[in-house]
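Summary of structural features
What follows is each chain in one-letter form.
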Amino acid sequence: MRFGAKIVDLACLNHFSRVINTITKLAKTCTLRLTDSKLYFILSDKVANGGVSMWCELGQGNVFDEFQIEGVAAEHNEIYLELVPENLSRALKTAQSAKAVKIKLTNKHCPCLRVAVELPSLSSSSRIVTHDIPVGVIPRRLWNDFREPSVPDFDVSIYLPVLKTMKSVVERMKNLSNSIVIEANLNGEMNLKIETDLVSVSTHFKDLGNPPWASEDGYQSSAQGRDLESMAEARIDIKKLQQLLAGQQVNPTKALCNIVNKRIVHFILLHEDVSLQYFIPALA
């Protein structure tokens, strides 16, 4: 089992750092799945137990100049590692002006991802700073726990307003309540609401647009035949929503949310070669 990769281009390195910083804000530990074409960052807290789950994929071709992987077996050319994303984020912080960054799976005393940062130096020899990030290797028999979550059978799918705007609304509401209700309909309208004994606050967004799911992807959802005006809603933990909005360092070109009435809110953020899905279960 071997893995080695190299980034030379500074723009690619910064892009990769931003993705890792976003993951760091969303998960204390996560699973890194490596295949020959993509990297996946997976957090699969069981939504049923009230945990959030996350699925982020990144095409390696747009980031790495070199990328080699030998998985556990020829027919399973994949590696699954458990890691603390903040450790990787910290290692990449030292690489702001690097000439190159190499990442390699090593196993000296324990399995590690070695991040070697080549820094420019005044003399002819270059300075290399290495970080060894401990990882856990996940055995083949457990891989099925980390499959891509399916798109839930949603009642409403809607494009999100500008995330910065949404973030400032949610940050103000966070001081008033621990939970927030997100509701939306198929008429491009969405409301963020807080209701406590003392105060009720709501912010309305309109003309957001609804993604054309059912028609093009053959996704059948309970949205079909639904009254356009009627709202689907879910009450969720406001901190989890704020975490998602505050963590965004990759400005998505498309951001949408699917609501399964009173059950789950599923966010999808897309940016060029990165897609992030984030599931927040409804509070009872």
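Everything numeric here is computed off the predicted structure, so don't read it as measured data. Within any chain, residue numbers begin from 1 and follow the written order of that chain's sequence. Residues qualify for local features only when their pLDDT is at least 70, as the model is predicted, and side-chain atom pairs are given and counted only at 80 or more; totals for whole chains, interfaces and linings, by contrast, use all residues. Side-chain numbers here rest on the full set of heavy atoms in the structure, without hydrogens or water.

A few words on the overall build of the protein chain. Here a helix means four or more residues in a row that DSSP labels H or I, a strand means two or more in a row labelled E, and each is numbered from the N terminus. If you tally the helices and strands in the protein chain, you get 5 helices and 18 strands. Throughout, the radius of gyration refers to the C-alpha atoms, and the reference size of a globule is 2.2 Å times the residue count to the power 0.38. The C-alpha radius of gyration of the protein chain comes to 21 Å, within 12% of the 19 Å expected for a compact globule of 284 residues. By its C-alpha atoms, the protein chain is 65 × 45 × 35 Å across when sized along the principal axes. Sorting the 284 residues of the protein chain into buried and exposed places 49% on the buried side. Looking at the protein chain alone, contacts between residues at least 24 apart form 64% of all its contacts between residues at least 6 apart. When the accessible surface of the protein chain is totalled, it reaches about 14200 Å², and 48% of it is carbon and sulfur. Taking the average location of the 32 positive side-chain charges in the protein chain and that of its 31 negative ones, the two points are 8 Å from each other. Partly exposed describes any residue whose relative accessible area lies between the buried limit of under 20% and the exposed limit of over 50%, with all areas from a 1.4 Å probe on protein chains only and scaled to the type maximum. Note on contacts: a residue pair qualifies if any of its non-hydrogen atoms lie within 4.5 Å across the two residues. Residue burial considers only the protein chains on display, and all accessible areas are found by Shrake-Rupley using a 1.4 Å probe. We treat Lys and Arg as the positive residues and Asp and Glu as the negative residues; His and chain ends play no part in the count. Note that the charge is assigned to NZ on lysines, CZ on arginines, CG on aspartates and CD on glutamates.

On to the pattern of salt bridges, then. Take a side-chain nitrogen of Lys or Arg and a carboxyl oxygen of Asp or Glu: if they are within 4 Å of each other, that pair is a salt bridge. What the rule picks out here adds up to 8 salt bridges. For Arg-90, the salt bridge identified is with Glu-86, shortest N-O distance 3.1 Å. Taken together, the residues Arg-90 and Glu-86, both in helix α2 (residues 85–93) and 4 residues apart, mark about one turn of the helix. Measuring nitrogen to oxygen at the nearest pair gives 3.8 Å for the salt bridge that ties Lys-262 to Glu-233. Here Lys-262, found in the loop between β16 (254–260) and β17 (264–271), pairs with Glu-233, found in strand β15 (residues 232–237); they are 29 residues apart in sequence, far enough to count as distant. For Glu-233, a relative accessible area of 25% translates into the label partly exposed.

Moving on: the packing of helix α3 (residues 163–174) against helix α5 (residues 238–246). Packed helix pairs are characterised by how far apart their axes lie and by the angle those axes make with each other. Following both chains from N to C, one finds α3 and α5 inclined at 145°, their axes separated by 9 Å at the closest point. The interaxial crossing formed by α3 with α5 has left-handed handedness. Counting all contacts with α3, which are made through Leu-163, Met-166, Lys-167, Val-170, Glu-171, Met-173 and Lys-174, the residues of α5 involved are Ile-238, Leu-241, Gln-242, Leu-245 and Ala-246. Gly counts as polar in this scheme, as do all residues outside two lists: the nonpolar Ala, Val, Leu, Ile, Met, Phe, Trp, Tyr, Cys and Pro, and the charged Asp, Glu, Lys and Arg. Looking at the contact of α3 with α5 residue by residue, the classes come out as 8 nonpolar, 1 polar and 3 charged. Think of each axis as a best-fit line through the C-alpha atoms, taken over the contacting stretch in the case of a helix, with angles from 0 to 180 degrees between the N-to-C directions. Handedness of each helix crossing follows the sense of rotation of the near helix against the far helix: counterclockwise by less than a right angle gives left-handed, clockwise gives right-handed.

A few words now on the environment of Lys-164. Secondary-structure assignment places Lys-164 in helix α3. Residue class for Lys-164 comes out exposed when judged on its relative accessible area of 68%. Separated by 112 residues in the primary sequence, Lys-164 and Leu-276 place their C-alpha atoms 17 Å from one another.

Another aspect to go through is the packing of aromatic side chains. Note on aromatic pairs: the rings of Phe, Tyr and Trp (six-membered ring only in Trp) are paired at centre separations within 6.5 Å, and the planes decide the class, stacked below 30 degrees, edge-to-face beyond 60, tilted for the rest. Evaluated as defined, the whole model comprises 6 aromatic pairs. Note on Phe-64 and Phe-67: the rings are 5.3 Å apart at their centroids and 50° apart in plane angle, and the pair reads as tilted. Pair check on accessibility: Phe-64 and Phe-67 agree, each one buried. Taken together, the ring pairs connect Phe-3, Phe-16, Phe-64 and Phe-67 into an aromatic cluster. Directly above the ring of Tyr-40 sits Arg-33, whose terminal nitrogen or CZ lies 4.3 Å from the centroid. For a lysine, the NZ atom is tested; for an arginine, the CZ atom; a charge sits over a ring if that atom is within 6 Å of the ring centre and within 35 degrees of the ring normal.

Turning our attention to the domain arrangement of the protein chain. Split into domains, the protein chain comes out as domain 1 (2–145) and domain 2 (156–281). Listed per partner, the contact involves 20 residues of domain 1 and 18 residues of domain 2. Summing both partners gives a buried area of about 1700 Å² for domain 1 against domain 2, and 58% of it is carried by carbon and sulfur. We define buried area as the total accessible area lost by two parts upon association, computed with a 1.4 Å probe and summed across both. On the domain 1 side of the interface with domain 2, the three residues burying the most area are Lys-25, Leu-26 and Val-52, jointly 30% of the side's total. Between domain 1 and domain 2 we count 0 salt bridges in total. Two N or O atoms form a polar contact when they lie within 3.5 Å of each other; inside protein one atom must be a possible hydrogen donor and the other a possible acceptor, and for residues adjacent in sequence the pair counts only when both atoms belong to side chains. Across the contact surface, domain 1 and domain 2 share 7 residue pairs in polar contact (both at pLDDT 80 or more). Listed by contribution, the elements that provide at least two residues to the side of domain 1 that touches domain 2 are α1 (10–26) and β4 (53–59). Of the residues in the side of domain 1 that touches domain 2, the class split is 9 nonpolar, 8 polar and 3 charged. An automatic or database domain assignment is the source of the domain bounds shown.

Considering the arrangement of structural elements, one finds His-266 in strand β17. Reaching out from His-266, the side chain makes a polar contact with the side chain of Gln-277 at a distance of 2.8 Å. In this view, His-266 contacts Val-151, Pro-152, Leu-256, Cys-257, Asn-258, Gln-277, Tyr-278 and Phe-279; residues no more than four positions away in its chain are not counted.

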